[in-house]
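# Chains, contacts and geometry: an overview
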Amino acid sequence: MKEREIEGAARRRKITGKWGYTWHLWVTLLLHIAAIVLFTRGFLLTRTELPYYSNSSDVSESQCLYSSSHNNTTTSSWTKPAVNRLIIIVLDALRFDFVAPSTFFPESKHWMDKLKVLKEVVSKSPTSAKIFKAIADPPTTSLQRLKGLTTGGLPTFVDVGNSFGAPAIVEDNFLNQLVQSGKKVVMMGDDTWTQLFPHHFERSYPYPSFNVKDLDTVDNGCIEHLFPSLYEDDWDVLISHFLGVDHAGHIFGVDSTQMTEKLEQYNSILEKVIEVLEKESGPGRLHENTLLVVMGDHGQTLNGDHGGGGAEEVETAIFAMSVKKPPSSVPVEYDTSSCQLDLDGKNVCVSSMQQLDFAVTMSALLGIPFPYGSIGQVNPELYALGAGSWNLDVSQQLSESDIWIQNYANILCINSWQVKRYIDAYSASSAVGFSSDDLSRVASVYAQAENHWLHSTKKLRLDKRDIDALVPALKKQIESYFNFLRTVAELARSKWTEFDLRMMGAGIAIMSISLIFQVLAILRANSQDGATLASSGYAWFFSASAFAFFLLGMRAVSFLSNMEEGKVANFLLSTSGIVALRKSVVKGKLLKESVGFLLLSTFCRFGIEIGLSKQASTSAFMKEYTSWILNIASGLAVWNHAAEVVPILVLIILAFWLYKATSDIFFGWPRKIVVVCTILSYMLIIVHWITENNRYILAFMPESIGRIYIPRIVYAILLGQLLLLVFAQLFRGNSSDCKTNLVVKTTAMLSAWSSTVILLSGKQGPMVAFASIVGGYCIMRLCDIEDDAKNGPQRRLSIGPFPVMQWNLFATCLFFCSGHWCAFDGLHYGAAFIGFEEFMLVPQAIILTLDTYGFSIILPVFGLPFLVAMKYKADLGKHVLFTQLSQMYTTYGLITAIMTTFTIYCVTMHRRHLMVWGLFAPKFVFDVFGLLLTDDSKDESSLKDAEYQVAKVRRKGGYRAAYFVFVMMLLDNVGFVANMVSLVLYFGSVMYFNIPGSATTTTNLLGTAFLIPILGGFISDTFLNRLNTCILFGFIELLGYVLLVIQSHDTKLQPSPCGEKGCVHGRKAVLFYASIYLFAVGAGGIRGCVPALGADQFDNNDPKERKKLASFFNWFLFFITIGASIGVTAVVYVSTEIDWYKGFIISLACSAGGLFVIAVGKPFYRTRVSGDSPLLSVLQVLFVTVKNLGTKLPQNSDQLHEIQSDESNLMKKLIPHTDQFGILDKAAVLREGKEPKKWEVCTVTQVEETKILIRMMPILFSTIIMNTCLAQLQTFSIQQGVRMNPHIGRYTIPPASIPVIPLVFMTALIPVYEFAFVPLVRKITGHPNGITELQRVGVGLVLSAISMAIAGIIEVKRKDEFKNHNHVISLFWLSFHYAIFGVADMFTLVGLLEFFYREAPEGMRSLSTSFSFLSLSIGYFLSTVFVEIINSVTRRVTKSKIGWLEGDDFNQIHVELFYWFLAVLSMINFGVYLLCAKWYKYQNAVPFESELVSRNDAALRNDEIEDTPK
Amino acid sequence: MDRRKKREKTTVTKPSTVDASSPPKISPSEAFIVTLSSVLGLGLAFYVANSGFSIDLVTDPSRTIFFIWLVELPIVILLYSRYRQNPRQCMCLVFVCHVQYLRAVGRGLLAVPIGALLNCLGAIALGAPVTFQFLPKTVNWSLMMSLFTTVPASCVLGSSWAHWKRIFAQTQPNGSVEYLICLPAHGAVIGGWFGAWPMPLDWERPWQEWPICVSYGAIGGYLVGLVASCVFVLACARSQHVKQT
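Because the structure is predicted, anything quoted here is derived from the model rather than measured. (Residues numbered from 1 in each chain as written. Chains lettered and ligands numbered in written order. Predicted model: local features only at pLDDT ≥ 70, side-chain atom pairs only at ≥ 80, totals over all residues. Heavy atoms only, no water.)

## Some words on the overall build of chain A
Each helix and strand counted, chain A has 51 helices and 11 strands in total. Going through the 1510 residues of chain A one by one, you find that 59% of them count as buried. Of all intrachain contacts in chain A linking residues separated by at least 6 positions in sequence, the fraction that spans at least 24 positions is 79%. By element, 63% of the accessible surface of chain A is carried by carbon and sulfur atoms, the whole surface being about 60,500 Å². (Helix = DSSP H or I, 4+ residues; strand = E, 2+ residues; numbered from the N terminus. Buried < 20%, exposed > 50% of the residue type's maximum accessible area, 1.4 Å probe, protein only. Contact = heavy atoms within 4.5 Å. Areas by Shrake-Rupley, 256 points an atom, 1.4 Å probe, with all protein chains shown as cover.)

## A short note on the overall build of chain B
Summing up its helical and strand segments, chain B has eight helices and zero strands in all. For chain B, the sequential pattern of α-helices and β-strands runs α-α-α-α-α-α-α-α. Put simply, chain B has 245 residues, and 53% of those count as buried. Put simply, of all contacts in chain B between residues at least 6 apart along the chain, 72% involve residues at least 24 apart. For chain B, the accessible area works out to roughly 11,600 Å², and carbon and sulfur atoms hold 70% of it.

## Topic: the sheet that holds strand 3 (residues 185-190) of chain A
Residue and element names in this part refer to chain A. The nine strands lie next to each other as 4-3-5-1-6-7-2-9-8, forming an open sheet whose pairing is mixed. Strands at the two margins of the open sheet, each flanked by one partner only, are strand 4 (203-207) and strand 8 (338-341). Ignoring strand direction, the axes of neighbouring strands in this sheet form an average angle of 20 degrees. Alignment of strand 8 against strand 9 (residues 347-354), held across four bridges, turns out to be antiparallel. Bridge pairing in strand 9 places serine 338 opposite valine 350. Relative to strand 6 (residues 290-295), helix 11 (residues 257-279) is tilted by about 170 degrees, and along the sheet it contacts strand 1 (85-91), strand 5 (237-242), strand 6 and strand 7 (315-322). (Pairing = 2+ DSSP bridges. Axes fitted to C-alpha atoms, helices over the stretch in contact; angles between N-to-C directions.)

## Here we look at the environment of isoleucine 686 of chain A
Residues and elements named next belong to chain A. With respect to the helices and strands, the residue isoleucine 686 is situated in helix 24 (residues 669-693). When its relative accessible area of 8% is taken as the criterion, isoleucine 686 is described as buried. For the pair formed by isoleucine 686 and isoleucine 648, sequence separation is 38 residues and the distance between their alpha carbons is 6.0 Å.

## Remarks on the interface of chain A and chain B
Listed by partner, the interface residues are 31 residues for chain A and 28 residues for chain B. At the boundary of chain A with chain B, total buried surface from both sides reaches about 2,600 Å², with 66% on carbon and sulfur atoms. Linking chain A to chain B there are zero salt bridges. Taken together, the links from chain A to chain B amount to six residue pairs in polar contact (both at pLDDT 80 or more). Mapped by element, the contributors of at least two residues to the side of chain A that touches chain B are helix 19 (538-558), helix 20 (565-587) and helix 21 (591-615) of chain A. Among the elements that make up the side of chain A that touches chain B, the one with the highest residue count is helix 20 of chain A (12 residues). (Buried area = accessible area lost by both parts, 1.4 Å probe. Salt bridge = Lys/Arg side-chain N within 4 Å of Asp/Glu carboxyl O. Polar contact = N/O pair within 3.5 Å; in protein donor to acceptor, adjacent residues only side chain to side chain.)

## Describing the nonpolar core
Trp753 and Leu867 of chain A together with Tyr80 and Trp193 of chain B are the most contacted members of the largest nonpolar core, which has 170 residues in total. What tryptophan 193 of chain B contacts, discounting residues up to four positions off in sequence, is Phe550, Leu551, Met554, Phe571, Leu572 and Thr575 of chain A together with Leu126 of chain B. Among the nonpolar cores identified, the runner-up in size contains 142 residues, and Ala962, Val1132, Ile1298 and Val1390 of chain A belong to it. (Core = buried A, V, L, I, M, F, W, Y, C linked by side-chain atoms within 4.5 Å.)

## Side note on the packing of helix 3 (residues 61-81) of chain B against helix 5 (residues 135-157) of chain B
All names here are of chain B. Packing of helix 3 against helix 5 leaves a shortest axis separation of 9 Å and a crossing angle of 10 degrees. If you check the angle between helix 3 and helix 5, you find them roughly parallel. Contacts from Pro61, Ser62, Ile65, Phe66, Ile68, Trp69, Glu72, Leu73, Val76, Ile77, Tyr80 and Ser81 in helix 3 reach Pro136, Lys137, Asn140, Trp141, Leu143, Met144, Leu147, Phe148, Val151, Pro152, Cys155 and Val156 in helix 5. (Parallel < 35°, antiparallel > 145°, perpendicular 65-115°, else oblique.)

## Comments concerning a nonpolar patch on the surface
All names here are of chain A. A contiguous nonpolar surface patch, about 370 Å² in accessible area, is contributed by Ile516, Val519, Leu520 and Leu523. Inspection of the secondary structure puts valine 519 in helix 18 (residues 501-528). Classification of valine 519 by relative accessible area gives partly exposed; the value is 36%. (Patch = residues over 30% accessible without salt bridge, like charges linked within 9 Å, V, L, I, M, F, W, Y side chains within 5 Å.)

## Some thoughts on the UniProt feature "transmembrane region" (unreviewed entry) in chain B
All names here are of chain B. The sites that carry the UniProt feature "transmembrane region" (unreviewed entry) are, in the present numbering, residues 31-49, 61-81, 109-135, 141-164, 176-196 and 216-237. The span residues 61-81 is 100% helical and 0% strand by assignment, and the distance between its end C-alpha atoms comes to 29 Å. When the span residues 176-196 is considered, its composition is 95% helix and 0% strand, and the gap between its end C-alpha atoms is 30 Å. (UniProt positions renumbered as here; feature names shortened; annotations may be inferred.)

## A closer look at the side chain of threonine 602 of chain A
Examined against the element boundaries, threonine 602 of chain A turns out to sit in helix 21. By relative accessible area, threonine 602 of chain A is classed as buried at 13%. Here the side chain of threonine 602 of chain A touches leucine 598 of chain A through a polar contact of 2.7 Å, landing on its backbone oxygen. Apart from the residues lying within four places of it in its own chain, the contact partners of threonine 602 of chain A are Ile124 and Ala125 of chain B.

## Focus on the confidence of the model for chain B
All names here are of chain B. Here chain B averages 79 in pLDDT, while 83% of its residues score no lower than 70. Per-element mean pLDDT across chain B ranges from 35 in helix 1 (residues 2-18) up to 89 in helix 5. Low pLDDT, under 50, characterises residues 1-21; the predicted model gives this stretch 32 contacts beyond four residues in sequence or across chains. Reported for the predicted complex are a pTM of 0.57 and an ipTM of 0.86. (pLDDT = per-residue confidence, 0-100.)

## Focus on helix 11 of chain A
Between the first and last C-alpha of helix 11 of chain A there are 33 Å, a value that for 23 residues agrees with the 33 Å anticipated at 1.5 Å per step. Met259, Thr260, Lys262, Leu263, Tyr266, Asn267, Ile269, Leu270, Val273, Ile274, Val276 and Leu277 of chain A are the residues of helix 11 of chain A that are buried. (Expected span 1.5 Å × (residues − 1).)

## Concerning the packing of aromatic side chains
Each pair of aromatic rings is reported with the distance of its centres and the angle of its planes. All names here are of chain A. Tallied over the full model, the rule gives 41 aromatic pairs over all chains. Seen from their ring centres, tyrosine 372 and tyrosine 422 are 6.1 Å apart, and the 85 degrees between their planes marks the pair as edge-to-face. Separated by 50 residues along the polypeptide, tyrosine 372 in the loop between helix 13 (358-366) and helix 14 (380-384) and tyrosine 422 in helix 15 (residues 400-429) bring together distant segments of the chain. Comparing tyrosine 372 with tyrosine 422 shows no difference in burial state: the two are buried. On the basis of an interplanar angle of 85 degrees and a centroid distance of 5.6 Å, the ring pair of phenylalanine 902 and tyrosine 905 is categorised as edge-to-face. On the criterion of helical spacing, the pair formed by phenylalanine 902 and tyrosine 905 is a turn pair, its members being three residues apart in helix 32 (residues 878-909). On the basis of relative accessible area, phenylalanine 902 is assigned to the partly exposed category, the value being 25%. We classify tyrosine 905 as partly exposed; its relative accessible area is 28%. Between arginine 85 and the ring centre of tryptophan 235, over which it is positioned, the NZ or CZ distance is 3.9 Å. (Phe/Tyr/Trp six-rings, centres within 6.5 Å; stacked < 30°, edge-to-face > 60°. Lys NZ or Arg CZ within 6 Å of the ring centre and 35° of its normal.)

## Notes on the confidence of the model for chain A
Do not read the predicted coordinates in detail wherever pLDDT is low. Residues and elements named next belong to chain A. Across chain A, pLDDT averages 75, with 74% of residues at or above 70. Of all the helices and strands in chain A, helix 22 (residues 620-624) carries the lowest mean pLDDT, 38, while strand 5 carries the highest, 91. Below pLDDT 50 for its whole length, residues 68-75 participates in four contacts with residues either more than four positions away or in separate chains. Considering only residues more than four positions removed or in separate chains, one finds that residues 616-634, a stretch of pLDDT under 50, has 38 contacts.

In structure tokens:
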């Protein structure tokens, strides 16, 4: 029974592997993303921006009286302009009580009554100046408000996210209308304006707005440009946006001296502005008819926060002053003002209006068309300020107020018509329009008003007789328009919080599914481990789990109507602490930990309260507490000093702690470096803090070093550490104990993150970090409270959800503890400017994320493995550990997901609730971010950990591993071969090389590409393992491709034709050579290590695998040829016929795919440990030989030096002594009185390795000639092909694709060879591969000679046909020698590869397989040399004095002679080769046991059929 | 949750533990009297607060709780001290008996501040406010909780750590008196814990203030615990009766 279980577990394990531990996490992530995308689309409001614009001629469509009807001018305008110039001074975050007299408020605060000048103006001339309480619509962030102010619409919530990016406004707006009407606009101040309106300003002086620490730059800039502009006449509208109050609020709060100073500064500025205006206000002067508006875009809370819909945030002020005194005030019906005596006893009146109405009122005053999307109404009181200019042309029989009413009614008519037009257009064109009920309601209200207008008011007005009836009718008319506009505004307010319930429902459903999925995943994992769950402690396990989920449920339910999540989390944390304490009292152990945990959670609680008190806008709380979190220093100098010193001390303790902790365990060097870097970062942070506050040190070094560069260094260190950790992942930690490994990794990861997180959190960072370490430690210890010593190894294995729950609660507490809360004003924008002076979107968004989630998600999630690691004292094996880990991460994810799901439910339930924007929506966004981040990081970390796991359980090597190599080679060769063939055309056509130039470049490139394999082989033998070498070179190759793509795509980077040898110069040349040589180096390097990597997968000493090794090389070539065939056809076609860069992109994609495949196969590879440098060893032998030339060889070879320790056995096999090259044996003679050291004596093995290399050399060299022949196929034969009939059947073959012929033949013949030839010959020879490698090479050499001979004959035939019969023979004829050469190549190349791999000493296999590429490389170079030699020789010999291969006319030159020459040379070469081969002694001439073959033949055959790729 | 579970478990294992030691016994009628007087004390306190001073828990929690613990203090101490451990020794000498009784009362009085401190710490760990504004409320609440939880135990059990641990940490009351100690105490704590739930909600009711709803919860839990312990004492007596016959 038990055995079967174990067997089953083993099988499962085999199936699962790396993905088995993580796949459900990925699925969860996907589900969550889907759910959140759906839900967000339904929930976060969207308002379609209409691309329509109001036009000045539109107004004729309305039934209203517009101004042109009076004047009969050609250009009609919507309203009669009432003011000529407009000055808008925006004071950011201007609270209403900054402007209104303090007597309006129950309590007088000292920030009130600072803008005295406004009150004075209002009390002095109440008709021409007014103060309004302007109610803004949330969200009250600057960008949204500016958008709302200018468009007259209601920007939606989603735009909050855009606040960082500040995209240009595309909707119709006030500024756009100004520009359309030919008004000139000048702007100074906040650069958000220029981002919103990039092309609207005549002049603009933008200043950066996001650095909240800077109180003065923007304001000073405004002042600098404001006053000169006031005296200029080149503008109609001036906008000046001051930011000081906003920034002072953010940094110091409203109740601060900085705020008061700012307000006083503004007071004096405004005083001056008004003074200037009044001075220039005479008739004909600059500001004869100017309106001054001083306004806030939104308010702020006492802490300086804004964004939500709280009363303090939405209430801001507008002060408006007309320089031209209007004759009378507004009729009382429309006067909303309330008056109070201010402190000086003057009567000040304050009215109220909606900010929504601003745009349309201003448009009406200026006489420009109303913005298309505006839904505001023209505010009567504000509009009345412009009344001074339009009472001239109306007959005097009406009183002033009657005229005013007439005018106003008409404007409201236009206003209503415009709003109605917008509503209709919106419903027609928006995806989510208004419901038909609402539309018909609006329509009926409008119809009523319009009806009234058409049938009574308009007539009455035009009549101008029945004046008595007119005024009441007008009033009634205005009332009905008000009614309409109010209805629309209400409708818009309620409906632009339009939720798509179906989307939301779908999101919730998917979220719920993911919950179920996660629960199932946990249950499944539990049931797999069910057998190991001991019954003891089961009750505790069960009740603890139940308790955990009870707490979880409580927490989730509390979201329904919860204001203080932090408090609840802490309450639950403390509860769990009390339960743990109770348990530890019962068990009588771990008392210290549980009490400590409880204390810690109590401390947390105070931290959270302080954080919350910042959120609740009263600062009263802060004064009552003197607490452990800093910067609340209550005036005492001791506190100040403590606030400085304590964080630094704690940080030092942390660093010391880290040092101590890591010095105990074994750390690999990369991780050691990581830890050291962290300690360094800590020190840097200390320096940073000291320089920030201490003025003495500032004297010694520039401020910016401390403030800017140190944080940047810390960030850079973090990046470096992470890279290092990834890098360390490549070198598998060789500590066998995987628990230690886990601890080491987790520690390294945490320490890497910690420094940045601490830096960003500011001074409280070290404390929070300290607390989190203590808390984490306590949780870890407490989770094995139930374990009794007597249980011993029978211990319960599962961790259960309780500690995970505690962990999560603790993380939540830390989030609140570090002063965050779930609202946008809870973000620490200041943190984003640590290390940055000005605003940059991406880095600062990242930093802000790190700050917000550092303590609550990043550190806890990466620290979670500790729970598992601590749990198991003994090393229980990887499977257990990783199952646990995976399960724990799932549990953690489940907890987070449940929280988010409940938030979503609550958001859905409260979607109509007032608080939804202030509270739930931000909470939703935060939770969602948290969830995704959790998912993501847990996936990452568990995947990272799971990698170890795979190492042991997976059967490695064999064809399964080789498949990856095959696919890689196939993909990589698609691009490689194609480019090798076609780059020569690229050089000519795009880079404008001439023909010899491009030929030389190509040859050099090819030579490089085939020389580099040696380097690649060397590296992979010595420094890195083969896979890593391959990946390294792969990246180089990709880089080369990328550069090629860039250059071939961008014509600016290409040279212009010049007619010289090379046209690329300067920067272009650098790019060009960099790209092609990176490509060549990368591709070459890959070829140096991949064959050996593949061959490593078969064990040469196992007869079964030895046979597979041979077929491996066959298949290897097979896949290369397939890839090459695709390349030379498809890619070459794309490159030459469509576009070069597309071809390169395909190559790039294929190579990247290949690289990916080879990397994915990592768990399957057998890896050989890289050893000493083989070349160095050879050098040693030669050196010592020379040194020992004088010594005598001992008679018996056994007396030669050899290290017989186990150590050397581990590294490589010992090679027995051979008698060849006796002279080298002298290197192995230990001279008397010498120590056996390196460079003094070499081992026999070393000597024998050298001998092997020397023996192999002649073989290598004798294949060079063949490769010279091969080179002809790519040069002369293609030239031949060009002069042949390219039509085969109906297809036309492009010349560059001619090389496909041998490839096709090889592709076809390799299987034949593998399946037919080898078994057949094996029967005869008894050799497992049919014939030996050297025989194989020999066959290839003969065939190549034959091929050359045939090539010559065909050339003769071609010339003959052409000259004598004027007939172009078919391309088909080329296929003869191509085919034969393909076969030759198949024999030789594969034979060589296999030969070198098999014969080379173990330490230099990559190197030696790359020798076959060396032969290729030399062959190519030799080809050029031969052509030159032949030419120079034949020039003298032949009668015509022209070389065989000289001249441009291919029909005149004697290629056939050259071919035959090569054929003869090949035969001679073959003779030499025979001698060499005979002389060669197979290294480990394992006598092949024929008996074995016959016995195992059938079995082997079966194996082969199974294993060979189909 | 797990506490409740434990309690269920103890009811099952009870017969085996009854004979283990010689716990003080209490007859069902006596238990009923204790319960009744505690409940009546509570009622009296509320009545006095309500009619005499026209305050209740919501309007003036501090003083109301003060009345509660003031009324409960003599009731609890005097009643529970009668069931102190090893009362048999005093059979012979009435004087010794008196001395023991007085010592139990003294222990009870001593336990009032100590228990209050413990409860207060617990409450603060769980998030009770610690400003001066709330100080009298917290003190009064702690004293009340002390009377509900630790005082009876200290009157009956004295300073025996083992007994305390058994009753409060393991929830394994042994004998009828211990039921009377254990269940109301647990009831009060758990009730208080649940009572804290409405506090962070945004209903903006006056009773969401500290310690009003917590006190309601604690008192409710205490009452439930008293009733439950009565039932257990009854059941306990019955089973013993059955055993003896």
